[in-house]
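# Structure at a glance
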Amino acid sequence: MVQALQHGVLPKTLHVDEPSPHVDWSAGAVELLREAREWPRTTRPRRAAVSSFGISGTNAHVIIEQAPDAERPAPVRDEPVRPRPPVLPWVLSARSTDALRAQAARLHAHVAAGRDDLAGIGRSLATTRAVLGHRAAVLAADRDGFLDALDGIARGTSPEDGAATVLRGSGSGRLAFLFPGQGAQRPGAGRELYDAFPVFAEALDAICARFDSVAALDLPLREVLFADAGTPGAALLDRTDCTQAALFALSVATFRLYEAWGIAPDLLLGHSVGELAAAHVAGVLSLDDACTLVAARGRLMEGTPAGAMLAAELGEEETTALLDGFDGRACVAAVNGPASVVLSGDPEAVDELAARAQEAGHRVRRLAAAHGFHSPLMDGMLDAFATVAKELDFRAPRLPIVSNVTGRLADADEIRTPAYWVRQVRSAVRYADGVDTLHGRDVTTYLEVGPGGVLAALTRHCLDGRTTVAGQDIAAVASLPRGRGENEAVLEAAARLHVRGVRVDWQEVYKGWGGAPAVLPTYAFQRERYWPEPVTQQPPLQAPVAPATADAEDATADVVAYGPPATSAPELRGRLAGLPEEDRVRELLTLVRQSAARVLGHRNVDLIEAEDTFLEVGFDSLTALELRDALRTRTGLDLPGTLTFEHPTPLELAHRLDAELLTATGAPGAGPTAPAAPLLGISPTDLNPAGLLNSLYQQAILERKIPEFLELTAMAAEFRPKARKHSELPTPAPLVRLSRGGERGPLLIGTSGTSAAGGPHEFARLATALRGRRDVAGIPALGYGRGELLPATLDVAMGWQAETILRETDGAGFVLYGHSGGAVLAHALAKHLEAMGAGPSALVLADIYPFEHPMMTAWNAELSEGVVRQDPAAGGAPDRAIIPMDDIRLTAMAWYGTVCQDWERTATTAPTLLVRASEPLGAVPDGQDWRSTWAHAHTTVDVPGDHFTMTAEHAETTALAIERWLTEVL
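Residues numbered from 1 in each chain as written. Predicted model: local features only at pLDDT ≥ 70, side-chain atom pairs only at ≥ 80, totals over all residues. Heavy atoms only, no water.

### With respect to the packing of aromatic side chains
A ring pair, where both rings are aromatic, is described by two values, the distance of the centres and the angle of the planes. The full count for this structure, using the stated rule, is 15 aromatic pairs. Centroid distance Phe211 to Phe248: 5.8 Å. Interplanar angle 85°. Geometry classified as edge-to-face. Of the two residues, Phe211 is situated in helix 6 (residues 198–214) and Phe248 in helix 9 (residues 240–260); the sequence distance between them amounts to 37 residues. For Phe211, a relative accessible area of 0% translates into the label buried. Between the aromatic rings of Trp903 and Trp934, the centroid separation amounts to 5.8 Å while the plane-to-plane angle is 10°, which identifies the pairing as stacked. Taken as a pair, Trp903 in the loop between helix 32 (887–899) and strand 26 (912–917) and Trp934 in the loop between strand 26 and strand 27 (939–943) lie far apart in primary sequence, 31 residues in all. When sorted by exposure, Trp903 lands in the same class as Trp934, which is buried. Aromatic rings pair up to connect Phe177, Phe179, Phe197, Phe255, Tyr258 and Trp261 into one cluster. Residue placement shows Arg46 over the ring face of Trp39; its charged tip is 5.4 Å from the ring centre. Sitting over the face of the ring of Trp895, Lys722 holds its NZ or CZ atom 4.6 Å from the ring centroid. (Phe/Tyr/Trp six-rings, centres within 6.5 Å; stacked < 30°, edge-to-face > 60°. Helix = DSSP H or I, 4+ residues; strand = E, 2+ residues; numbered from the N terminus. Buried < 20%, exposed > 50% of the residue type's maximum accessible area, 1.4 Å probe, protein only. Lys NZ or Arg CZ within 6 Å of the ring centre and 35° of its normal.)

### Remarks on empty space enclosed by the protein
What the rule picks out here adds up to 2 cavities of 30 Å³ or more. Taken as a whole, the largest cavity spans an internal volume of roughly 60 Å³. As for the largest cavity, its lining consists of Thr613, Phe614, Leu615, Phe619, Asp620, Ala624, Thr644, Phe645, Pro648, Arg737 and Leu738. Breaking the lining of the largest cavity down by element, the ones donating at least two residues are helix 23 (643–646) and strand 20 (736–739). Taken together, the residues of the lining of the largest cavity sort by class into 7 nonpolar, 2 polar and 2 charged. Around the second largest cavity, the lining residues are Ser820, Tyr849, Met856, Trp859, Leu863 and His947. Broken down by class, the residue content of the lining of the second largest cavity amounts to 4 nonpolar, 2 polar and no charged. (1 Å grid on protein atoms, 1.4 Å probe; cavity = no way out; pocket = protein on both sides within 12 Å on 5 of 7 lines; lining within 4 Å. Points joined across faces, edges and corners; volume = space filled by probe spheres on them. Nonpolar A, V, L, I, M, F, W, Y, C, P; charged D, E, K, R; others polar.)

### Brief notes about the pairing of strand 25 (residues 842–846)
Where burial is concerned, most of strand 25 is hidden: 5 out of the 5 residues are buried. Here strand 25 shows two buried faces, one formed by Ala842, Val844 and Ala846 and the other by Leu843 and Leu845.

### Re the pattern of salt bridges
Pairing of side chains with opposite charge becomes possible as their charged atoms draw close. Counting across every chain of the model gives 36 salt bridges. Note that Asp379 and Arg426 form a salt bridge whose closest N and O atoms lie 2.7 Å from each other. Taken together, the residues Asp379 in the loop between strand 13 (364–366) and helix 14 (382–389) and Arg426 in helix 15 (residues 418–426) connect sequence positions 47 residues apart. Taking the relative accessible area as the measure of exposure, Asp379 reaches 39% and is therefore partly exposed. Among the charged side chains, a salt-bridge network with shared partners connects Arg484, Glu488, Glu492 and Arg496. (Salt bridge = Lys/Arg side-chain N within 4 Å of Asp/Glu carboxyl O.)

### Points about the environment of Ala777
Position of Ala777 among the secondary structure elements: in strand 22 (residues 776–779). Owing to a relative accessible area of 0%, Ala777 belongs among the buried residues under this scheme. Residues Ala777 and Ile749, spaced 28 residues apart in sequence, show a C-alpha to C-alpha distance of 4.8 Å. Excluding its chain neighbours within four sequence positions, the residues that come into contact with Ala777 are Leu735, Val736, Arg737, Leu738, Leu747, Leu748, Ile749 and Gly750. (Contact = heavy atoms within 4.5 Å.)

### Section: the side chain of Ser403
Mapped onto the elements of the fold, Ser403 is located in the loop between strand 14 (401–402) and helix 15. Under the relative-accessibility criterion, Ser403 is labelled buried at 2%. A polar contact is formed between the side chain of Ser403 and the backbone nitrogen of Val405, at a distance of 2.9 Å. Ignoring anything within four residues of it in the chain, the contact list for Ser403 reads Glu275, Arg408, Ala410 and Tyr420. (Polar contact = N/O pair within 3.5 Å; in protein donor to acceptor, adjacent residues only side chain to side chain.)

### Quick notes on the sheet that holds strand 11 (residues 330–337)
Read from one edge of the open sheet, 4 strands run 11-12-10-13, paired in antiparallel fashion. In this open sheet, the two edge strands, each paired with only one partner strand, are strand 11 and strand 13. Taken pair by pair, the neighbouring strands of this sheet meet at an average axis angle of 20°, ignoring direction. With 5 bridges connecting them, strand 10 (residues 308–312) and strand 12 (residues 340–345) associate as antiparallel partners. By the bridge assignment, Ala311 is partnered in strand 12 with Val342. Against the sheet, helix 13 (residues 347–359) contacts strand 10, strand 11, strand 12 and strand 13, and its axis sits at roughly 15° relative to strand 10. (Pairing = 2+ DSSP bridges. Axes fitted to C-alpha atoms, helices over the stretch in contact; angles between N-to-C directions.)

### Focus: a nonpolar patch on the surface
Together, Met1, Val50 and Val62 make up an exposed nonpolar region whose accessible area comes to about 210 Å². Residue placement: Met1 occurs in the segment before helix 1 (2–7). Given the relative accessible area of 37%, Met1 is considered partly exposed. (Patch = residues over 30% accessible without salt bridge, like charges linked within 9 Å, V, L, I, M, F, W, Y side chains within 5 Å. Areas by Shrake-Rupley, 256 points an atom, 1.4 Å probe, with all protein chains shown as cover.)

### So, the pairing of strand 9 (residues 267–270)
Neither face of strand 9 is exposed, since Leu267 and Leu269 on one face and Leu268 and Gly270 on the opposite face are all buried. In this sheet, strand 9 lies alongside strand 8 (residues 174–179) in parallel orientation, the contact comprising 4 bridges. Note that in strand 9 the partner of Phe179 across the bridge is Gly270. As defined by bridge partners, strand 9 adjoins strand 14 across 2 bridges and the pair is classed as parallel. Paired with Leu268 across the strands is Ile401, a residue of strand 14.

### Brief notes about the sheet that holds strand 27
The strand order across the open sheet formed by 7 strands is 20-22-21-24-25-26-27, and the pairing between neighbours is mixed. Every other strand in the sheet has two partners, leaving strand 20 and strand 27 as the edge strands with one partner each. Averaged over all pairs of adjacent strands, the angle between strand axes in this sheet comes to 25°, irrespective of strand direction. Two strands pair when backbone bridges link them, and strand 20 and strand 22 are joined in this way by 3 bridges, in the antiparallel orientation. Residue pairing in the sheet places Arg737 in a bridge with Ala777 of strand 22. Its contacts with the sheet place helix 29 (residues 821–835) against strand 21 (747–751), strand 24 (814–819) and strand 25, and it is angled at close to 150° to strand 24.

### A closer look at helix 32
The terminal C-alpha atoms of helix 32, which comprises 13 residues, lie 18 Å apart, in line with the 18 Å expected from a rise of 1.5 Å per residue. Helix 32 sits mainly inside the fold: 10 of its 13 residues count as buried. Of all the positions in helix 32, only Ile888, Arg889, Leu890, Thr891, Ala892, Met893, Ala894, Trp895, Tyr896 and Val899 are classed as buried. Lining the buried residues of helix 32 we find helix 25 (692–702), helix 26 (706–717), strand 19 (722–723), strand 23 (790–791), helix 28 (794–809) and helix 29. (Expected span 1.5 Å × (residues − 1).)

### Looking at the packing of helix 20 (residues 569–576) against helix 21 (residues 581–600)
When two helices pack together, their arrangement is given by the angle between their axes and by how far apart the axes lie. Viewed as axis vectors pointing N to C, helix 20 and helix 21 meet at an angle of 150°, and their least axial separation amounts to 10 Å. When the interaxial angle is binned, helix 20 and helix 21 end up roughly antiparallel. From helix 20, Leu572, Arg575 and Leu576 reach across to helix 21, where they touch Arg584, Glu587, Leu588 and Leu591. Residue classes in the contact of helix 20 with helix 21 are distributed as 4 nonpolar, no polar and 3 charged. (Parallel < 35°, antiparallel > 145°, perpendicular 65-115°, else oblique.)

Given below as structure tokens:
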């Protein structure tokens, strides 16, 4: 009927020779179409009703209406219109490498045949297409450049004549911004950006105006910045007071440009004066106070005695021996790498050190510095600098900063003190330690924000030979490298970040360049046949090797290459033995991806990416168990059913398998193969999923003696060891990432329930429903895992979770969600975090019931039966359960009934949503109000289903109700 609307013709009815005699065709205006008939447009929209009656009893009915006449969109005109840069960025993405190449081939054909404006195509690619995992970016100046680049992507090659820049990538990881220090300055830096990007110009003007009012410079700062090389103005750029002001201004203005493009760093690291730029953008100092402090720093440093600085290829320990006898004359000013230090002090001492180092065979280089920064020569300025700093208002950072003084994450309280910034002037810059800290916090992309590329080069040197995760390379990108056009450089930097998984607001990037929206080719789906075919043997999958062709727009050829027969568990362990960690993880990652592809029936393992979550690629509780069973066979490990929920990506699971195999084989560095003194007082190997308490629990359900069972298990839990404070716990709580939702707001964190079957897997259906809308994660409750202590108090349990949430969110907003007993813990956790000054952005409580609520007693049998029924994979066999309800979990469940007696039901400062089931779980006593209530809820929403089905069969409806509320309040 869609085609009928499009062509204006009603088709004749097929396979009917004459109308049914059982219908009175004379009544009404319905007739059988024996011949095609014109269906012309009129003043009213045409409509067609379509009904489909399934043999299973499922019926579908839809009404199709004529769409309004399409109007060609008017060209986008941002006011004022800006000149376009010398190159434009185009971005492409796809679900797999083959699809990306096919996508490029389609776009190549479209561009070659059409006349769309290049800016319009670029804008449409960036703003009207989904951003998928495999990405490419092209920067070119003209149509021929884009065509060459697209052809190269389609063929898997690069343009030969350099007419375009082609970037490819995929992955995730965190982003750090690097702010350069003295030595990065150069005449004219920022001038091209000032002319091209109003955001940069406005930020730079504001900073320069402030410096002109607080610093006694010979020329206005902007004139110093943009002076031509060789002029007196450019010469001022090397005077310390001008240098530090200029670097601060350029770095902050460049940061504001990236910020306007939606590029948000996870962490910040500066070098010397660059740390002040980092502190300002993190909110530690206002612009006025930051400029005041930078101006005082530069002025006072310029007034110190003449000094010298020397870069040497030395390690820090070697430098200590070299400096013997130079106390008070010279010292280490910076540790920039494993074999890169800067020495600073009076000129004669630095000359002597240079000679000593050269005699020992080390390369050295005198730096163009007239003063001995970060040396004893700075001592005379410290008191005056402290006086200035004491007059300023320091605030807690909104973004985490890595300290130059310690090389570790800056303490939020210490960085707010004047004393810290006085120490920062005098202490050595521990840049290499700072990069190690960033590396340890999973940073994979480093962007130098400011002129030059010194820090990008130092970072690559610090991380030489290291990767954050198997297969995920590290990139250090310079924003304004020497010898490059500035506009092209910042656009390429943004494109490099984009292909590495960083969010970029391309609508803002293209703002002001015009260009009408273009009608682009549709997605190049890589179609696969899923119908079973008879086979005699199915060899193991291997990564695809057959290249896609540029001219095969709808190709469906198989791209699977088959490898050697599967190895046994002993053979696998033997192959992994002796390999470095990165190689072991890479081997296991291949195993996980191959096994996952088999379970899902994919012929192409490329459809299972290292960073995909299992939920996103189609796993459910049953297929999760199939994958667990396959990996059990291949590795010989006893793996739990929660494997894919606790380690939700193939890469995380590969790391888990590596750790398990190391422990199982007793490899060096693996630690003991079994706890010398089990924390539970019983050996984990003695526990059986169908143990004594499990059997008693099943019997208690049958005999409806749940209260008696809980009393028994609570007594048993008394004998489990307890943690009196969360700092006694050996490991932090894991935050399990379940699905990615793009950029729709704060992370939604589900707090696991108190039942024996609780865990982050509870939120799998919620995460699936919110995929593409919101990031979802789950956090377990303390005491349910093997080897875990029970919390002595509710406060201990909440502190364990709070530490992880604060670390993982790094100051970003988050939402807490809990269902049933998990809602009790979600509220308690919200209160705990608010007491720490870091409460959630919102709180969602789903069907919360206090433990003494009358319906908890009336429905105790239904509640217990529901917990068991919630595991569809078990099928009555405990070994097939996602969560085998063993002695550990059952005693933990009973114990939480004890510690939650300390729960305080007071209001939170966060807006609170109560989501209630609209159907009772069981029989309701006469006159009893069975519904969940929460006196402090700002909004209450009823959703379909009962206490269990609201988060199971009706999970999507519940999730969308939560999402609608969050969109309204946040």
